[in-house]
Amino acid sequence: MLRVTTPPRADWKEAVESRGLLFHSMDGLPYWDETGYYLFEADEIDRIEAATYRLNEMCLAAVEHVVAEGRLDEFDIPPRLHRFVAESWERDEHTIYGRFDLAYDGDGPPKLLEYNADTPTSLLEAAVIQWFWMEDLLGAPPAGSPGRFDQFNSIHERLIEAWARFRRERGGRVAFAVLADAIEDVTTVDYLRDTAMQAGLKTQTLAVQDVGWHAGRRTFTDLDERPIETLFKLYPWEWMVREEFGANLPVASTRWLEPPWKMVLSNKAILPVLHQLFPNSPYLLRASFRPMAGDHVVKPFYSREGANVSIHRGGRLVAETGGEYADGPCIYQEYRPLWTDGHRHAVLGSWIVNGHACGLGVREDDGAITRNASRFLPHLLRVDRYAKPPVFDPKRPYAPGEPTAHPSDHPLWDPEFDA
(Lines give C-alpha, C1' and ligand atoms only; values in the text may rest on other atoms or scores of the structure.)
Protein backbone atom coordinates (compact mmCIF):
# COMPACT_ATOMS: atom_id res chain seq x y z
CA MET A 1 0.00 0.00 0.00
CA LEU A 2 1.69 3.12 -1.28
CA ARG A 3 0.64 6.75 -1.63
CA VAL A 4 1.74 8.13 -5.00
CA THR A 5 1.93 11.88 -5.63
CA THR A 6 0.71 13.08 -9.02
CA PRO A 7 -0.27 16.44 -10.52
CA PRO A 8 -4.04 16.84 -10.66
CA ARG A 9 -5.72 17.27 -14.03
CA ALA A 10 -5.74 20.92 -15.02
CA ASP A 11 -9.51 20.75 -15.51
CA TRP A 12 -10.23 18.41 -12.59
CA LYS A 13 -13.17 20.44 -11.29
CA GLU A 14 -14.92 20.42 -14.65
CA ALA A 15 -14.09 16.73 -15.07
CA VAL A 16 -15.67 15.62 -11.80
CA GLU A 17 -18.64 17.98 -12.14
CA SER A 18 -19.39 16.47 -15.54
CA ARG A 19 -19.77 13.12 -13.77
CA GLY A 20 -22.08 14.50 -11.12
CA LEU A 21 -19.72 15.35 -8.25
CA LEU A 22 -20.80 18.88 -7.35
CA PHE A 23 -19.51 18.80 -3.75
CA HIS A 24 -15.85 18.33 -4.72
CA SER A 25 -14.74 21.13 -2.37
CA MET A 26 -15.65 21.99 1.22
CA ASP A 27 -14.89 25.29 2.90
CA GLY A 28 -12.62 26.21 0.01
CA LEU A 29 -10.54 23.03 0.28
CA PRO A 30 -10.71 19.97 -1.98
CA TYR A 31 -12.81 17.09 -0.73
CA TRP A 32 -12.11 15.15 -3.93
CA ASP A 33 -8.30 15.15 -3.92
CA GLU A 34 -6.30 13.93 -6.91
CA THR A 35 -2.93 15.32 -5.86
CA GLY A 36 -2.19 11.70 -5.06
CA TYR A 37 -3.61 8.20 -5.13
CA TYR A 38 -3.20 4.95 -3.24
CA LEU A 39 -1.54 2.05 -5.02
CA PHE A 40 -2.34 -1.50 -3.93
CA GLU A 41 -0.76 -4.79 -4.89
CA ALA A 42 -2.95 -7.71 -5.96
CA ASP A 43 -2.42 -9.68 -2.75
CA GLU A 44 -3.44 -6.65 -0.68
CA ILE A 45 -6.72 -6.36 -2.56
CA ASP A 46 -7.21 -10.11 -2.08
CA ARG A 47 -6.90 -9.62 1.69
CA ILE A 48 -9.36 -6.71 1.70
CA GLU A 49 -11.83 -8.69 -0.40
CA ALA A 50 -11.57 -11.77 1.84
CA ALA A 51 -12.02 -9.63 4.96
CA THR A 52 -15.10 -7.98 3.48
CA TYR A 53 -16.81 -11.29 2.72
CA ARG A 54 -16.04 -12.69 6.17
CA LEU A 55 -17.15 -9.51 7.94
CA ASN A 56 -20.42 -9.58 6.04
CA GLU A 57 -21.00 -13.21 7.11
CA MET A 58 -20.27 -12.35 10.73
CA CYS A 59 -22.55 -9.30 10.66
CA LEU A 60 -25.49 -11.31 9.31
CA ALA A 61 -24.90 -13.94 12.00
CA ALA A 62 -24.81 -11.15 14.60
CA VAL A 63 -28.20 -9.81 13.48
CA GLU A 64 -29.67 -13.30 13.81
CA HIS A 65 -28.20 -13.55 17.31
CA VAL A 66 -29.42 -10.12 18.43
CA VAL A 67 -32.96 -10.75 17.17
CA ALA A 68 -33.19 -14.33 18.45
CA GLU A 69 -31.77 -13.48 21.88
CA GLY A 70 -33.87 -10.34 22.36
CA ARG A 71 -30.91 -7.95 22.61
CA LEU A 72 -32.39 -4.99 20.70
CA ASP A 73 -32.63 -3.01 23.98
CA GLU A 74 -28.83 -2.94 24.06
CA PHE A 75 -28.90 -1.03 20.75
CA ASP A 76 -31.06 1.81 22.11
CA ILE A 77 -33.84 0.87 19.67
CA PRO A 78 -37.25 1.91 21.09
CA PRO A 79 -39.16 -1.16 22.41
CA ARG A 80 -42.20 -0.37 20.27
CA LEU A 81 -40.03 -1.06 17.20
CA HIS A 82 -38.47 -4.35 18.28
CA ARG A 83 -41.09 -6.43 16.48
CA PHE A 84 -40.76 -4.18 13.43
CA VAL A 85 -37.02 -4.86 13.24
CA ALA A 86 -37.39 -8.58 13.95
CA GLU A 87 -40.09 -9.08 11.29
CA SER A 88 -37.96 -7.26 8.73
CA TRP A 89 -35.14 -9.70 9.45
CA GLU A 90 -37.42 -12.73 9.43
CA ARG A 91 -38.82 -11.69 6.03
CA ASP A 92 -35.25 -11.46 4.71
CA GLU A 93 -35.98 -8.00 3.36
CA HIS A 94 -33.67 -6.75 0.62
CA THR A 95 -30.45 -4.91 1.27
CA ILE A 96 -28.59 -3.10 -1.50
CA TYR A 97 -25.21 -2.06 -0.06
CA GLY A 98 -22.94 -1.60 2.92
CA ARG A 99 -19.47 -0.16 3.52
CA PHE A 100 -16.94 -1.59 5.96
CA ASP A 101 -14.45 0.98 7.25
CA LEU A 102 -11.12 -0.76 7.71
CA ALA A 103 -7.75 0.02 9.25
CA TYR A 104 -5.13 -1.47 6.95
CA ASP A 105 -1.54 -0.61 6.06
CA GLY A 106 -0.61 -3.57 3.88
CA ASP A 107 0.72 -5.60 6.81
CA GLY A 108 -1.48 -8.23 8.45
CA PRO A 109 -5.27 -8.57 8.17
CA PRO A 110 -7.55 -5.54 7.78
CA LYS A 111 -9.35 -4.57 10.99
CA LEU A 112 -12.97 -3.43 11.17
CA LEU A 113 -13.37 0.05 12.60
CA GLU A 114 -17.12 0.31 11.96
CA TYR A 115 -19.83 -0.66 9.49
CA ASN A 116 -21.64 2.03 7.52
CA ALA A 117 -24.68 -0.15 6.83
CA ASP A 118 -27.43 2.40 6.27
CA THR A 119 -26.56 5.66 4.49
CA PRO A 120 -24.22 5.38 1.46
CA THR A 121 -21.66 8.13 2.11
CA SER A 122 -18.96 8.34 -0.63
CA LEU A 123 -20.78 5.97 -3.00
CA LEU A 124 -20.63 8.18 -6.11
CA GLU A 125 -16.97 8.97 -5.51
CA ALA A 126 -16.06 5.29 -5.17
CA ALA A 127 -18.24 3.92 -7.98
CA VAL A 128 -17.92 6.58 -10.68
CA ILE A 129 -15.58 9.50 -10.05
CA GLN A 130 -12.42 7.54 -9.32
CA TRP A 131 -13.14 5.19 -12.25
CA PHE A 132 -13.10 8.00 -14.79
CA TRP A 133 -10.06 9.49 -13.06
CA MET A 134 -8.32 6.17 -13.75
CA GLU A 135 -9.39 6.19 -17.40
CA ASP A 136 -7.91 9.66 -17.82
CA LEU A 137 -4.69 8.63 -16.09
CA LEU A 138 -4.13 5.38 -17.95
CA GLY A 139 -5.88 6.05 -21.24
CA ALA A 140 -7.99 3.42 -22.99
CA PRO A 141 -5.98 0.14 -23.24
CA PRO A 142 -6.08 -1.83 -26.50
CA ALA A 143 -9.02 -4.20 -26.81
CA GLY A 144 -8.36 -7.42 -24.92
CA SER A 145 -5.30 -6.01 -23.18
CA PRO A 146 -5.22 -6.78 -19.44
CA GLY A 147 -3.26 -3.62 -18.72
CA ARG A 148 -0.66 -3.15 -16.01
CA PHE A 149 -2.99 -1.32 -13.62
CA ASP A 150 -6.63 -1.68 -12.70
CA GLN A 151 -8.99 -0.61 -9.95
CA PHE A 152 -10.89 -2.69 -7.40
CA ASN A 153 -14.22 -1.34 -8.53
CA SER A 154 -17.30 -3.04 -9.94
CA ILE A 155 -19.67 -1.09 -7.68
CA HIS A 156 -21.73 0.36 -10.52
CA GLU A 157 -22.40 -3.01 -12.13
CA ARG A 158 -23.25 -4.61 -8.78
CA LEU A 159 -25.72 -1.83 -7.97
CA ILE A 160 -27.58 -2.47 -11.21
CA GLU A 161 -27.58 -6.20 -10.42
CA ALA A 162 -28.98 -5.49 -6.95
CA TRP A 163 -31.82 -3.39 -8.34
CA ALA A 164 -32.53 -5.99 -11.03
CA ARG A 165 -32.84 -8.64 -8.33
CA PHE A 166 -35.16 -6.36 -6.36
CA ARG A 167 -37.28 -5.83 -9.46
CA ARG A 168 -37.59 -9.59 -10.09
CA GLU A 169 -38.39 -10.51 -6.51
CA ARG A 170 -40.50 -7.58 -5.38
CA GLY A 171 -41.17 -5.24 -8.29
CA GLY A 172 -43.30 -2.12 -8.05
CA ARG A 173 -42.17 1.47 -7.98
CA VAL A 174 -39.38 2.78 -5.76
CA ALA A 175 -39.51 6.27 -4.28
CA PHE A 176 -36.25 7.92 -3.29
CA ALA A 177 -36.41 10.34 -0.35
CA VAL A 178 -33.63 12.78 0.51
CA LEU A 179 -33.05 16.04 2.39
CA ALA A 180 -33.45 18.53 -0.42
CA ASP A 181 -30.96 21.05 1.00
CA ALA A 182 -28.07 18.57 1.37
CA ILE A 183 -26.18 18.61 -1.93
CA GLU A 184 -24.08 15.54 -1.10
CA ASP A 185 -27.20 13.52 -0.28
CA VAL A 186 -29.13 14.75 -3.31
CA THR A 187 -26.27 13.87 -5.64
CA THR A 188 -25.86 10.41 -4.12
CA VAL A 189 -29.59 9.70 -4.39
CA ASP A 190 -29.63 10.89 -8.00
CA TYR A 191 -26.90 8.38 -8.76
CA LEU A 192 -28.62 5.52 -6.94
CA ARG A 193 -31.90 6.33 -8.66
CA ASP A 194 -30.14 6.24 -12.02
CA THR A 195 -28.78 2.75 -11.32
CA ALA A 196 -32.27 1.60 -10.32
CA MET A 197 -33.66 2.92 -13.58
CA GLN A 198 -30.93 1.19 -15.54
CA ALA A 199 -32.20 -2.03 -13.93
CA GLY A 200 -35.69 -1.34 -15.28
CA LEU A 201 -37.40 0.05 -12.19
CA LYS A 202 -39.80 2.98 -12.28
CA THR A 203 -38.88 5.59 -9.72
CA GLN A 204 -39.74 8.94 -8.22
CA THR A 205 -37.88 11.41 -6.01
CA LEU A 206 -39.27 13.11 -2.91
CA ALA A 207 -37.93 15.44 -0.28
CA VAL A 208 -37.99 13.69 3.09
CA GLN A 209 -40.31 16.35 4.48
CA ASP A 210 -42.80 15.68 1.65
CA VAL A 211 -43.37 12.04 2.60
CA GLY A 212 -46.88 11.89 4.03
CA TRP A 213 -48.97 9.43 6.05
CA HIS A 214 -52.44 8.17 5.15
CA ALA A 215 -54.03 6.77 8.33
CA GLY A 216 -56.93 5.13 6.54
CA ARG A 217 -54.76 3.13 4.16
CA ARG A 218 -51.96 2.73 6.69
CA THR A 219 -49.28 3.68 4.22
CA PHE A 220 -46.81 6.45 3.57
CA THR A 221 -47.70 8.59 0.56
CA ASP A 222 -46.22 11.03 -1.93
CA LEU A 223 -47.38 14.59 -2.56
CA ASP A 224 -50.39 13.38 -4.54
CA GLU A 225 -51.50 10.95 -1.82
CA ARG A 226 -50.33 7.97 -3.86
CA PRO A 227 -49.19 5.06 -1.68
CA ILE A 228 -45.44 4.45 -1.56
CA GLU A 229 -44.77 0.72 -1.98
CA THR A 230 -41.02 0.91 -1.40
CA LEU A 231 -39.12 3.90 -0.08
CA PHE A 232 -35.36 4.28 -0.31
CA LYS A 233 -34.42 6.93 2.22
CA LEU A 234 -31.07 8.63 2.55
CA TYR A 235 -32.07 9.49 6.08
CA PRO A 236 -30.75 7.64 9.15
CA TRP A 237 -33.00 5.13 10.84
CA GLU A 238 -32.20 6.53 14.27
CA TRP A 239 -33.66 9.88 13.20
CA MET A 240 -36.77 8.38 11.64
CA VAL A 241 -37.80 6.23 14.57
CA ARG A 242 -37.72 9.16 16.99
CA GLU A 243 -39.75 11.59 14.89
CA GLU A 244 -43.50 12.11 15.02
CA PHE A 245 -44.31 9.81 12.10
CA GLY A 246 -42.00 7.12 13.50
CA ALA A 247 -44.93 5.70 15.44
CA ASN A 248 -46.46 4.68 12.11
CA LEU A 249 -43.48 2.63 10.91
CA PRO A 250 -44.57 -0.73 12.40
CA VAL A 251 -48.10 -0.58 10.93
CA ALA A 252 -47.30 0.81 7.47
CA SER A 253 -47.53 -1.31 4.33
CA THR A 254 -44.51 0.60 2.94
CA ARG A 255 -41.27 -1.35 2.66
CA TRP A 256 -37.87 0.26 3.17
CA LEU A 257 -34.37 0.41 1.72
CA GLU A 258 -32.15 0.00 3.58
CA PRO A 259 -34.44 -2.35 5.57
CA PRO A 260 -35.30 -1.96 9.27
CA TRP A 261 -33.00 -4.82 10.29
CA LYS A 262 -30.08 -2.62 9.22
CA MET A 263 -30.76 -0.62 12.43
CA VAL A 264 -28.71 -3.32 14.15
CA LEU A 265 -25.71 -3.09 11.83
CA SER A 266 -25.62 0.70 11.41
CA ASN A 267 -25.32 1.04 15.18
CA LYS A 268 -21.85 0.88 16.73
CA ALA A 269 -23.28 -1.34 19.44
CA ILE A 270 -22.75 -4.12 16.90
CA LEU A 271 -18.98 -3.90 17.49
CA PRO A 272 -19.00 -5.34 21.05
CA VAL A 273 -21.54 -7.97 19.97
CA LEU A 274 -19.33 -9.05 17.07
CA HIS A 275 -16.36 -9.36 19.40
CA GLN A 276 -18.42 -11.40 21.87
CA LEU A 277 -19.53 -13.79 19.11
CA PHE A 278 -16.22 -14.01 17.25
CA PRO A 279 -13.47 -13.24 19.81
CA ASN A 280 -10.74 -14.88 17.73
CA SER A 281 -11.51 -13.25 14.40
CA PRO A 282 -8.42 -11.67 12.83
CA TYR A 283 -10.64 -8.92 11.40
CA LEU A 284 -12.10 -7.63 14.65
CA LEU A 285 -10.75 -5.34 17.34
CA ARG A 286 -11.63 -5.80 21.00
CA ALA A 287 -14.79 -3.83 21.77
CA SER A 288 -16.96 -3.41 24.85
CA PHE A 289 -19.97 -1.58 26.24
CA ARG A 290 -17.82 -0.73 29.27
CA PRO A 291 -14.60 1.30 29.59
CA MET A 292 -11.51 -0.75 28.78
CA ALA A 293 -7.87 -0.63 29.77
CA GLY A 294 -5.13 0.08 27.28
CA ASP A 295 -5.20 2.28 24.21
CA HIS A 296 -8.78 2.63 23.01
CA VAL A 297 -11.31 4.74 21.12
CA VAL A 298 -14.69 5.92 22.44
CA LYS A 299 -17.48 6.05 19.86
CA PRO A 300 -21.13 7.04 20.33
CA PHE A 301 -23.66 4.50 19.05
CA TYR A 302 -24.96 6.82 16.35
CA SER A 303 -21.92 8.97 15.61
CA ARG A 304 -21.50 9.89 11.94
CA GLU A 305 -18.40 11.11 10.12
CA GLY A 306 -16.25 10.88 13.24
CA ALA A 307 -18.40 13.15 15.44
CA ASN A 308 -17.72 12.96 19.21
CA VAL A 309 -15.03 10.31 18.78
CA SER A 310 -12.07 10.35 21.17
CA ILE A 311 -8.76 8.46 21.17
CA HIS A 312 -7.04 7.53 24.45
CA ARG A 313 -3.44 6.34 24.50
CA GLY A 314 -1.14 5.76 27.43
CA GLY A 315 -3.86 6.88 29.80
CA ARG A 316 -4.22 10.26 28.06
CA LEU A 317 -6.75 11.79 25.70
CA VAL A 318 -4.77 12.40 22.49
CA ALA A 319 -7.50 13.32 19.98
CA GLU A 320 -11.21 14.12 19.99
CA THR A 321 -13.88 15.69 17.82
CA GLY A 322 -16.99 17.67 18.61
CA GLY A 323 -20.51 17.02 17.45
CA GLU A 324 -24.09 16.39 18.50
CA TYR A 325 -23.74 12.89 19.96
CA ALA A 326 -21.97 13.67 23.24
CA ASP A 327 -24.93 12.75 25.43
CA GLY A 328 -25.73 9.40 23.78
CA PRO A 329 -24.58 5.88 24.68
CA CYS A 330 -21.05 4.86 23.64
CA ILE A 331 -18.93 1.82 22.96
CA TYR A 332 -15.22 1.34 23.62
CA GLN A 333 -12.96 -0.17 20.96
CA GLU A 334 -9.32 -1.17 20.97
CA TYR A 335 -7.20 1.48 19.25
CA ARG A 336 -5.71 0.50 15.91
CA PRO A 337 -3.47 3.01 14.08
CA LEU A 338 -4.47 3.87 10.53
CA TRP A 339 -2.04 3.83 7.62
CA THR A 340 0.09 6.94 7.90
CA ASP A 341 3.08 8.52 6.21
CA GLY A 342 3.71 10.62 9.31
CA HIS A 343 1.55 13.47 8.08
CA ARG A 344 -1.62 11.91 6.67
CA HIS A 345 -3.86 9.09 7.87
CA ALA A 346 -5.98 6.87 5.61
CA VAL A 347 -9.02 4.68 6.25
CA LEU A 348 -10.30 2.20 3.65
CA GLY A 349 -13.99 1.88 2.83
CA SER A 350 -14.71 -1.57 1.38
CA TRP A 351 -18.10 -1.86 -0.35
CA ILE A 352 -20.36 -4.88 -0.41
CA VAL A 353 -23.23 -4.62 -2.91
CA ASN A 354 -25.79 -7.36 -3.57
CA GLY A 355 -23.65 -9.70 -1.49
CA HIS A 356 -20.45 -9.04 -3.47
CA ALA A 357 -17.27 -7.37 -2.23
CA CYS A 358 -16.83 -5.02 -5.16
CA GLY A 359 -14.95 -1.81 -4.54
CA LEU A 360 -12.79 0.41 -2.44
CA GLY A 361 -12.68 4.06 -1.45
CA VAL A 362 -9.90 5.78 0.51
CA ARG A 363 -10.50 8.69 2.88
CA GLU A 364 -7.53 10.70 4.12
CA ASP A 365 -7.13 13.23 6.92
CA ASP A 366 -4.28 15.11 8.54
CA GLY A 367 -5.56 13.86 11.90
CA ALA A 368 -6.18 10.37 13.22
CA ILE A 369 -10.00 10.67 13.14
CA THR A 370 -11.78 10.53 9.78
CA ARG A 371 -14.38 13.32 9.59
CA ASN A 372 -16.97 14.74 7.23
CA ALA A 373 -14.44 16.91 5.39
CA SER A 374 -11.75 14.22 5.18
CA ARG A 375 -10.45 13.96 1.64
CA PHE A 376 -11.41 11.22 -0.82
CA LEU A 377 -8.47 9.96 -2.90
CA PRO A 378 -8.66 7.50 -5.82
CA HIS A 379 -6.77 4.22 -5.92
CA LEU A 380 -5.17 1.81 -8.37
CA LEU A 381 -4.44 -1.91 -8.29
CA ARG A 382 -1.04 -2.87 -9.72
CA VAL A 383 -1.52 -5.98 -11.87
CA ASP A 384 2.11 -6.12 -12.97
CA ARG A 385 4.19 -5.81 -9.81
CA TYR A 386 7.13 -4.38 -11.77
CA ALA A 387 5.12 -1.61 -13.44
CA LYS A 388 6.16 1.90 -12.49
CA PRO A 389 3.38 3.91 -10.77
CA PRO A 390 1.82 6.24 -13.37
CA VAL A 391 1.40 9.98 -12.91
CA PHE A 392 -0.42 12.61 -14.93
CA ASP A 393 1.45 14.48 -17.62
CA PRO A 394 0.66 18.14 -16.86
CA LYS A 395 1.12 19.00 -20.57
CA ARG A 396 -1.49 16.52 -21.74
CA PRO A 397 -5.04 17.89 -22.12
CA TYR A 398 -7.75 16.00 -20.28
CA ALA A 399 -11.20 16.78 -21.61
CA PRO A 400 -14.10 16.23 -19.21
CA GLY A 401 -16.50 13.46 -20.15
CA GLU A 402 -20.06 13.87 -21.24
CA PRO A 403 -22.41 15.04 -18.48
CA THR A 404 -24.25 12.25 -16.72
CA ALA A 405 -27.75 11.62 -18.03
CA HIS A 406 -30.75 13.08 -16.25
CA PRO A 407 -33.32 10.46 -15.19
CA SER A 408 -35.76 11.99 -17.67
CA ASP A 409 -33.52 10.70 -20.48
CA HIS A 410 -34.29 7.13 -19.48
CA PRO A 411 -36.99 5.38 -21.54
CA LEU A 412 -38.76 4.14 -18.40
CA TRP A 413 -38.95 7.55 -16.78
CA ASP A 414 -42.53 8.57 -15.99
CA PRO A 415 -42.97 12.33 -15.47
CA GLU A 416 -46.24 11.73 -13.64
CA PHE A 417 -44.33 10.23 -10.75
CA ASP A 418 -41.34 12.56 -10.69
CA ALA A 419 -41.30 15.12 -7.89
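Residues numbered from 1 in each chain as written. Predicted model: local features only at pLDDT ≥ 70, side-chain atom pairs only at ≥ 80, totals over all residues. Heavy atoms only, no water.

Observations regarding the overall build of the protein
Part 1: Counting secondary structure elements, the protein contains nine helices and 23 strands.
Part 2: Its C-alpha atoms give the protein a radius of gyration of 21 Å, within 12% of the compact-globule value 22 Å for 419 residues.
Part 3: Seen through its principal axes, the protein has C-alpha atoms that stretch 65 × 60 × 40 Å.
Part 4: Burial statistics for the protein: of 419 residues in total, 55% are counted as buried.
Part 5: In the protein, once contacts between residues fewer than 6 apart in sequence are set aside, the share between residues at least 24 apart is 72%.
Part 6: Of the roughly 18,100 Å² of accessible surface on the protein, 50% is carried by carbon and sulfur atoms.
Part 7: In the protein, 45 positive and 64 negative side-chain charges are present, and the distance between their average locations comes to 3 Å. (Helix = DSSP H or I, 4+ residues; strand = E, 2+ residues; numbered from the N terminus. Rg over C-alpha atoms; globule rule 2.2 N^0.38 Å. Buried < 20%, exposed > 50% of the residue type's maximum accessible area, 1.4 Å probe, protein only. Contact = heavy atoms within 4.5 Å. Areas by Shrake-Rupley, 256 points an atom, 1.4 Å probe, with all protein chains shown as cover. Lys, Arg positive; Asp, Glu negative; His and termini not counted. Charge placed at Lys NZ, Arg CZ, Asp CG, Glu CD.)

Regarding the sheet that holds strand 1 (residues 2-5)
Part 1: The strand order across the open sheet built from four strands is 1-4-23-7, with neighbouring strands paired in mixed fashion. Of all strands in the sheet, those with a lone pairing partner are strand 1 and strand 7 (149-150), marking the two edges.
Part 2: Across four bridges, the pairing between strand 1 and strand 4 (residues 36-41) is antiparallel. By the bridge assignment for strand 4, Arg3 is matched with Tyr38. (Pairing = 2+ DSSP bridges.)

Focus: the nonpolar core
Part 1: Counting residues in each nonpolar core, the largest one holds 68 residues, and the members touching the most others are Phe40, Leu249, Ile270, Leu274 and Leu348.
Part 2: The element contributing the most residues to this core is helix 2 (residues 42-68), with 10 residues.
Part 3: Residue contacts for Ile270: discarding those within four places in its chain leaves Ala62, Phe75, Val264 and Leu265.
Part 4: Within the second largest apolar cluster, 47 residues are counted, among which are Phe166, Val189, Leu257 and Leu380. (Core = buried A, V, L, I, M, F, W, Y, C linked by side-chain atoms within 4.5 Å.)

Some details on the packing of aromatic side chains
Part 1: Within the structure shown, the criterion is met by 20 aromatic pairs.
Part 2: When the ring of Phe289 is compared with that of Phe301, the centres are 6.2 Å apart and the planes differ by 65 degrees; the resulting orientation is edge-to-face. Taken as a pair, Phe289 in the loop between strand 14 (287-288) and strand 15 (296-300) and Phe301 in the loop between strand 15 and strand 16 (310-313) lie far apart in primary sequence, 12 residues in all.
Part 3: Members of the aromatic cluster, joined through ring pairs, are Phe84, Trp213, Phe220, Trp237, Phe245 and Trp256.
Part 4: We note Arg19 situated over the ring of Phe132; from NZ or CZ to the ring centre the distance is 3.6 Å. (Phe/Tyr/Trp six-rings, centres within 6.5 Å; stacked < 30°, edge-to-face > 60°. Lys NZ or Arg CZ within 6 Å of the ring centre and 35° of its normal.)

Looking at unusual backbone geometry
Part 1: Leu257 connects to Glu258 through a cis peptide bond whose omega is -10 degrees.
Part 2: Here Glu258 shows up in the loop between strand 13 (255-257) and helix 8 (262-265).
Part 3: Positive phi, close to 55 degrees, is recorded for Asp92, a residue that is not glycine.
Part 4: The topology assignment puts Asp92 in the loop between helix 3 (82-90) and strand 5 (97-103).

Side note on the packing of helix 4 (residues 123-138) against helix 6 (residues 183-198)
Part 1: Orientation of helix 4 relative to helix 6, taken along the N-to-C sense of each, is 60 degrees, at an axis distance of 9 Å. Taken together, the axis directions place helix 4 and helix 6 in an arrangement best described as oblique. Once helix 4 is placed against helix 6, the crossing between them reads as left-handed. Residue-level inspection shows Leu123, Leu124, Ala127 and Val128 of helix 4 in contact with helix 6, the latter providing Thr187, Thr188, Tyr191 and Leu192.
Part 2: For the contact of helix 4 with helix 6, the residue count by class is six nonpolar, two polar and no charged. (Axes fitted to C-alpha atoms, helices over the stretch in contact; angles between N-to-C directions. Parallel < 35°, antiparallel > 145°, perpendicular 65-115°, else oblique. Left-handed = near helix turned anticlockwise from the far one by under 90°. Nonpolar A, V, L, I, M, F, W, Y, C, P; charged D, E, K, R; others polar.)

A few points about the environment of Ile228
Part 1: Tracing the chain through its elements places Ile228 in the loop between strand 11 (219-221) and strand 12 (230-234).
Part 2: According to the relative accessible area criterion, Ile228 is buried, its value standing at 3%.
Part 3: Between the C-alpha atom of Ile228 and that of Ala252, which follows or precedes it by 24 residues, the distance is 9.9 Å.
Part 4: Not counting residues within four places of it along the chain, the set of residues in contact with Ile228 comprises Ala175, Leu206, Val211, Thr219, Phe220, Thr221, Asp222 and Thr254.

Description of the environment of Ile352
Part 1: Following the sequence through the fold, Ile352 ends up in strand 20 (residues 345-353).
Part 2: In this structure Ile352 touches Thr52, Asn56, Ile96, Tyr97, Gly98, Phe100, Tyr115 and Ala357, once residues within four positions along its chain are discounted.

Considering the pairing of strand 20
Part 1: In terms of burial, strand 20 is a largely internal element, nine of the nine residues being buried.
Part 2: What you see with strand 20 is no split at all: His345, Val347, Gly349, Trp351 and Val353 on one side and Ala346, Leu348, Ser350 and Ile352 on the other are buried throughout.
Part 3: Looking at chain direction, strand 5 and strand 20 are connected through six bridges and run antiparallel. Note that in strand 20 the partner of Asp101 across the bridge is Gly349.
Part 4: What sits between the antiparallel neighbours strand 19 (residues 339-340) and strand 20 is a turn of four residues, in which Gly342 has the positive phi angle 95 degrees.

Thoughts on helix 3
Note: α-helices contain 3.6 residues per turn, so residues at a spacing of three or four share the same orientation.
Part 1: The complete set of buried residues in helix 3 reads His82, Phe84, Val85, Ala86, Ser88 and Trp89.
Part 2: Tucked inside the fold, the buried residues of helix 3 contact helix 2, helix 7 (237-240), strand 13 and helix 8.
Part 3: Asp92 occupies a position one or two residues after helix 3 and carries a positive phi of about 55 degrees.

Notes on the sheet that holds strand 17 (residues 316-320)
Part 1: Read across the sheet, five strands follow the order 14-18-15-16-17 without closing on themselves; strand pairing throughout is antiparallel. Looking at the sheet topology across the chains shown, the edges are occupied by strand 14 and strand 17.

What about helix 9 (residues 270-277)?
Part 1: Along helix 9, six of the eight residues are buried, which leaves the element largely enclosed by surrounding structure.
Part 2: All of the buried residues in helix 9 are Ile270, Leu271, Pro272, Val273, Leu274 and His275.
Part 3: Tucked into the core, helix 9 has its buried residues touching helix 2, strand 6 (111-116), helix 8, strand 14 and strand 18 (330-334).

In short, shape yes, function no, at least from these values alone.
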